[in-house]
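Notes for the structure review
Residues per chain, in single letters:
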Amino acid sequence: MKLSRFRASEERIWDSHVPKANNGTFFHLRSFLSYHPKSRFKDHSILVRKKGKLFSLFPAVEQVVNGGKMLISHPGASVGSFTLPENLSIADAFELANKLTEYAKSKNFQVIKITLPPNLYQKRLSNYMEYSFFRLGFRYTKREITSILFLEKTIEETIKKFRPSHLRAVRKAIENNITVKESKDIASFYTILKNNLEIRHGVTPTHTLKELKHLFCMFPKKIKLFSAFLDEMMIAGVVTFQINQRVLLAFYISHDEHYSELRAVNILFYKIFEWAIKSKYEIFDFGIFTINGEPNMGLGRFKENFGASGIFRDTIELNLEA
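Positions within a chain are numbered from 1, following the residues in the order the chain's sequence is written. For this predicted model, a pLDDT threshold of at least 70 governs which residues receive local features, and a threshold of 80 or more governs which side-chain atom pairs are given and counted, while totals over whole chains, interfaces and linings are taken from all residues. In computing side-chain properties, one takes all heavy atoms of the structure into account and sets aside hydrogens as well as water.

1. Quick look at the pattern of salt bridges
- Take a side-chain nitrogen of Lys or Arg and a carboxyl oxygen of Asp or Glu: if they are within 4 Å of each other, that pair is a salt bridge. Enumeration according to the criterion identifies 14 salt bridges in this entry.
- With its nearest N and O atoms 3.5 Å apart, the salt bridge here joins arginine 49 to glutamate 10. Of this pair, arginine 49 sits in strand S3 (residues 46-50) while glutamate 10 is found in the loop between strand S1 (2-5) and helix H1 (11-17), placing the two residues 39 residues apart along the sequence.
- Residue burial is assigned from relative accessible area. The probe radius is 1.4 Å, only protein chains are included, and a residue is buried under 20% of its type maximum, exposed over 50%, and partly exposed in between. For arginine 49, a relative accessible area of 25% translates into the label partly exposed.
- Judged by its relative accessible area of 4%, glutamate 10 is buried.
- Linking lysine 161 and glutamate 152 is a salt bridge whose minimum nitrogen-to-oxygen distance equals 2.7 Å. Secondary structure follows DSSP: runs of H or I at least 4 residues long count as helices, runs of E at least 2 residues long count as strands, and numbering of each begins at the N terminus.

Here's what the structure looks like:
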């Protein structure tokens, strides 16, 4: 295997390879990563060729943290690491991990940091890559929990997983004449999101309104806004990302606190699940309810009430000078 640094001229080759991978995600695409201003990150993504053929991709940047030069699987994406073939062998996994550390040392990196995609993002489950990383001495630096709901073949089968309180909430939203539809009004949703995050957490959204609008324009089929309305007024919304053909991720979830009693979020998810099932998705990822390992118990319980359970979204690290 040979590793080489990504060049802008290789974007088409890169993006055509991602969907073919066993674990390729929306976050691996150059077309997604390139929405970041060039001044924000110093890109150091890597292509891996085996016997001259493209074998794997590793989106990454270089950063100096506490005086140490770090190779980080792209912080502009929720998850990263290598894209892998479906028939990955343990020998190839070992070689990938070894070649990455050799490459990083040759470029004078002191640390490698990788955020791993949840296992269920794979078509064919395998822990070969993680095993190889840990054999080389990688250690967990962060373990977050993301809430996963397995979608059944029909909405009727899926809602059997709902707790009675959530089924009642869906009925209440219907009685309150809450309607749900896909919306293009990103600005109205962003206002709800910004206000909600300020009230609850004292933070701002990950994206600016301009960035979010840009992403919607770039990926009209992969990014969608589902909104709940009271009459013609938006009172809640969920922005979804198509991770791959099997997995749909809720990237932003927000509602107007003034209308929380109408249970708009409950009917919103019911309708999203209905749409996702018709669109042949198998897994709905609600996103993490932990921040730096600390759980938001209320948020976790809310997601569990739809029938979701938790799996790891891990960040691992290797000190190359240890």
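Next comes the rest of the description.
2. Quick notes on the layout of surface pockets
- The space that makes up the second largest pocket amounts to roughly 280 Å³.
- With a 1 Å grid spanning the protein atoms alone, the term cavity applies to any set of points in which a 1.4 Å probe fits but cannot get out, the term pocket to an open set with protein on both sides within 12 Å along at least five of seven lines, and the term lining residue to any residue with an atom within 4 Å of a point. Contributing to the lining of the second largest pocket are 14 residues, with Arg30, Leu33, Ser34, Lys38 and Asp43 lying nearest its centre.
- Counting residues per element, the ones that place at least two in the lining of the second largest pocket are helix H2 (30-33) and strand S2 (42-43). Grid points are joined across faces, edges and corners, and a volume is the space filled by probe spheres set on the points.

3. A word on the sheet that holds strand S8 (residues 139-150)
- The criterion for strand pairing is that DSSP finds at least two bridges linking the strands in question. In space, the eleven strands of this open sheet follow the order S2-S5-S6-S7-S16-S8-S13-S12-S11-S10-S9, with mixed pairing throughout. Of all the strands in the sheet, just S2 and strand S9 (178-182) have a single pairing partner and so form its edges.
- Pairing of S9 with strand S10 (residues 223-230), which is carried by five bridges, proceeds in the antiparallel orientation. Opposite threonine 179, over in S10, you have phenylalanine 229 as the bridge partner.
- Contact definition: two residues touch when any of their heavy atoms are within 4.5 Å. An axis is simply a line fitted to the C-alpha atoms; with a helix, the fit covers only the stretch in contact. Between two such axes, the angle follows the N-to-C directions and lies from 0 to 180 degrees. The strands touched by helix H8 (residues 209-218) are S10, strand S11 (233-242) and strand S12 (247-255); relative to S10, the strand with the most contacts, the crossing angle is about 115°.

4. A word on the packing of helix H3 (residues 90-106) against helix H4 (residues 128-135)
- Between H3 and H4, whose axes approach to 8 Å, the crossing angle comes to 45°. Between H3 and H4, the angle is such that the two are oblique. Considering the relative orientation of H3 and H4, their crossing is right-handed. Between H3, through Ile90, Ala93, Phe94, Leu96, Ala97 and Leu100, and H4, the contact on the second element is made entirely by Tyr128, Met129, Tyr131, Ser132, Phe133 and Arg135.
- By residue class, the composition of the contact of H3 with H4 is ten nonpolar, one polar and one charged. Throughout this description, any angle smaller than 35 degrees is read as roughly parallel, any larger than 145 degrees as roughly antiparallel, any in the 65 to 115 degree range as roughly perpendicular, and the remainder as oblique. Take the far helix as the reference: if the near one is turned anticlockwise from it by less than a right angle, the crossing is left-handed, and if turned clockwise, right-handed. By the convention adopted, Pro, Cys, Tyr, Trp, Phe, Met, Ile, Leu, Val and Ala count as nonpolar, Lys, Arg, Asp and Glu as charged, and the other residues, Gly among them, as polar.

5. Remarks on the nonpolar core
- Here, nonpolar core means buried Ala, Val, Leu, Ile, Met, Phe, Trp, Tyr and Cys residues that are tied together by side-chain atoms lying within 4.5 Å of each other. The biggest cluster of nonpolar side chains holds 37 residues, and the ones touching the most others in it are Phe26, Phe27, Phe32, Ile223, Val239 and Phe241.
- Formed by 30 residues, the second largest nonpolar core is a distinct cluster that contains Ile155, Val170, Ala228 and Phe284.

6. Brief notes about H4
- Within H4 the residues assigned to the buried category are Met129, Glu130, Ser132 and Phe133. The buried residues of H4 all sit within an arc of 160° when viewed along its axis, so they share a single face.
- Check the buried side of H4 and you find it contacts H3, strand S7 (111-115) and strand S16 (309-319). Note that the arc is computed from the directions linking the helix axis to the C-beta atoms.

7. Details of empty space enclosed by the protein
- Scanning the model with the defined rule gives two cavities of 30 Å³ or more in all.
- Considered as a void within the structure, the largest cavity measures approximately 90 Å³ in volume.
- Taken together, Asn23, Ser81, Phe82, Leu84, Leu116, Pro117, Pro118, Asn119, Gln122, Ser126, Met129 and Glu130 form the lining of the largest cavity.
- In the lining of the largest cavity, the residues fall into six nonpolar, five polar and one charged.
- As a volume, the second largest cavity reaches approximately 40 Å³.
- Lining the second largest cavity are Asn22, Leu84, Pro85, Glu86, Leu88, Gln122, Arg124 and Ser126.
- Of the residues in the lining of the second largest cavity, the class split is three nonpolar, three polar and two charged.

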